[in-house]
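Residue-level structural notes
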Amino acid sequence: MTFATLIAPHQHLLVLASLLALSALGVVGEERGWYRKFSGVMVTLIAAVILALAGVLPSGADDVPVYSLIGGTLMPLAVPLLLLNASLRRMLRECGRLLGAFLLAAAGVILGVFLSAWLFDLGPIEADTGGLFTATWIGGFVNFIATAEILGVTNQPVFLSAIAADGILNTAQLALIFALPAWSWFASKFAASPTGELPAGSAAPEKPRAWNLEDATLALAVSAAIVGVAALVSPWLQARFGFRFRINLIVVTILVLALANLFPAWCARLHASAFPLGVLFLYLFIAYIGVGIDVQQLLAAGPGVFVFGCVTLAVHLVVLFGVGRLFGLTLQELCLASNAAIGGPTAAAPMAVSFRMPYAVTPAILIGLFGYSTGTFLGLAMAGLLK
């Protein structure tokens, strides 16, 4: 049964204005530090749920053209916009020891998911939960969204439960790894870290290119072309190879990675203008997801998913710091790798600055982008293995 809402499904501009306002609530608040321990994504999501429950916005189950535009067009566009700077050759060339630390961090996540799946029986949502945590904690939120779309769970309680767990545990992990270098007993167990001056052979961090309309327009055009080509070839590939899941975003990811590695300098030039657009489209998608959440099903699924995530993150940290210490990696390098994996490149760069490691800013961003490049594939592989 469909109930009338304050804003009707056919009032396209009012629906779009509401979703943009919800996105702005998350983006602006996070940029200005309004929410402290909560991420902007969580604020946007919860606010969208509240507006839908209060009858202000139409439900995701209603026929709303704006929702179709966001889910079917803007969300796929976000993937190439966020991955245009993912040059694998540059990562291998410049990341050095940090890449090894990141691989340890990723291995810790994978082992943590396997252990959580062995310890806890989440029933039919277990494989999806493991896949989502693998995708987001090796890659980032773009991988989380892409994996959820491919698995077809964006309208399922496991999706919002995993987002909530991800937001809470990300905050706890970030606080911990910022604090660990200040714990003298723990820090003394690791190799000393150089600070301040650039080590021999290290490049100074690059000055980012400013956002501009020309680059933003080109990035949108390239992203739209990639998504369009993927939409043409995906149905043929689906039928030819008999995939049981939607492969559209997999094809999009492969195409943008190919472009970023064939023309790395040109794509890197577009990145500063493309990335904010991709983030905006993801926030709009989160607002769209929020209005379609079934709260009762969410409350039933939430605790199990949260505990699953706690164990996964704990194993990640034990593996990273335990094995990393044996390989002679510094505590700061391991903390940067953990932050690049769990929090993504935008979180890792400020940490490098706070650790007085200016030479590590660019490598920290690059290993985070490496996670973006691989997170979706690893998340899907994990979901397949757990099934």
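Structural notes, computed from the coordinates. A quick note: this is a predicted structure, and the numbers were derived from the prediction, not measured.

To continue, consider helix α14 (residues 331–342). An α-helix turns once every 3.6 residues. As a result, residues three or four positions apart point the same way. Counted at 1.5 Å a residue, the expected span for α14 with its twelve residues is 16 Å, and the 16 Å between its end C-alpha atoms agrees. Those residues of α14 lying buried are L331, Q332, E333, L334, C335, L336, A337, S338, N339, A340, A341 and I342. Positive backbone phi, at 95°, marks G344, one or two positions downstream of α14.

The next point concerns the environment of N248. Among the secondary structure elements, N248 is positioned in helix α11 (residues 248–262). Residues N248 and P235 lie 13 residues apart in sequence; the distance between their C-alpha atoms is 8.2 Å. When sequence neighbours within four positions are dropped, the list of residues in contact with N248 reads A230, A231 and S234. A distance of 3.4 Å separates a polar atom in the side chain of N248 from a polar atom in the side chain of S234.

With that settled, consider the packing of helix α2 (residues 40–53) against helix α12 (residues 264–290). Two numbers describe how α2 lies on α12: the axes approach to 7 Å, and their chain directions differ by 35°. Crossing hand, α2 versus α12: right-handed. Within the contact between the two elements, α2 uses G40, V41, T44, L45, A48 and V49 and α12 uses Y283, I286, A287, I289 and G290. Here the residues of the contact of α2 with α12 sort into eight nonpolar, three polar and no charged.

With that out of the way, let us pick up the environment of F190. Within the element layout of this structure, F190 appears in the loop between α9 (184–187) and α10 (213–241). F190 gets classed as buried once you look at its relative accessible area, which sits at 10%. Distance in space between the C-alpha atoms of F190 and Q332 is 9.2 Å, their sequence separation being 142 residues. Setting aside residues no more than four positions away along its own chain, F190 makes contact with F321, R325, L329, L331 and L334.

Parameters at a glance
Residues numbered from 1 in each chain as written. Predicted model: local features only at pLDDT ≥ 70, side-chain atom pairs only at ≥ 80, totals over all residues. Heavy atoms only, no water. Helix = DSSP H or I, 4+ residues; strand = E, 2+ residues; numbered from the N terminus. Expected span 1.5 Å × (residues − 1). Buried < 20%, exposed > 50% of the residue type's maximum accessible area, 1.4 Å probe, protein only. Contact = heavy atoms within 4.5 Å. Polar contact = N/O pair within 3.5 Å; in protein donor to acceptor, adjacent residues only side chain to side chain. Axes fitted to C-alpha atoms, helices over the stretch in contact; angles between N-to-C directions. Left-handed = near helix turned anticlockwise from the far one by under 90°. Nonpolar A, V, L, I, M, F, W, Y, C, P; charged D, E, K, R; others polar.

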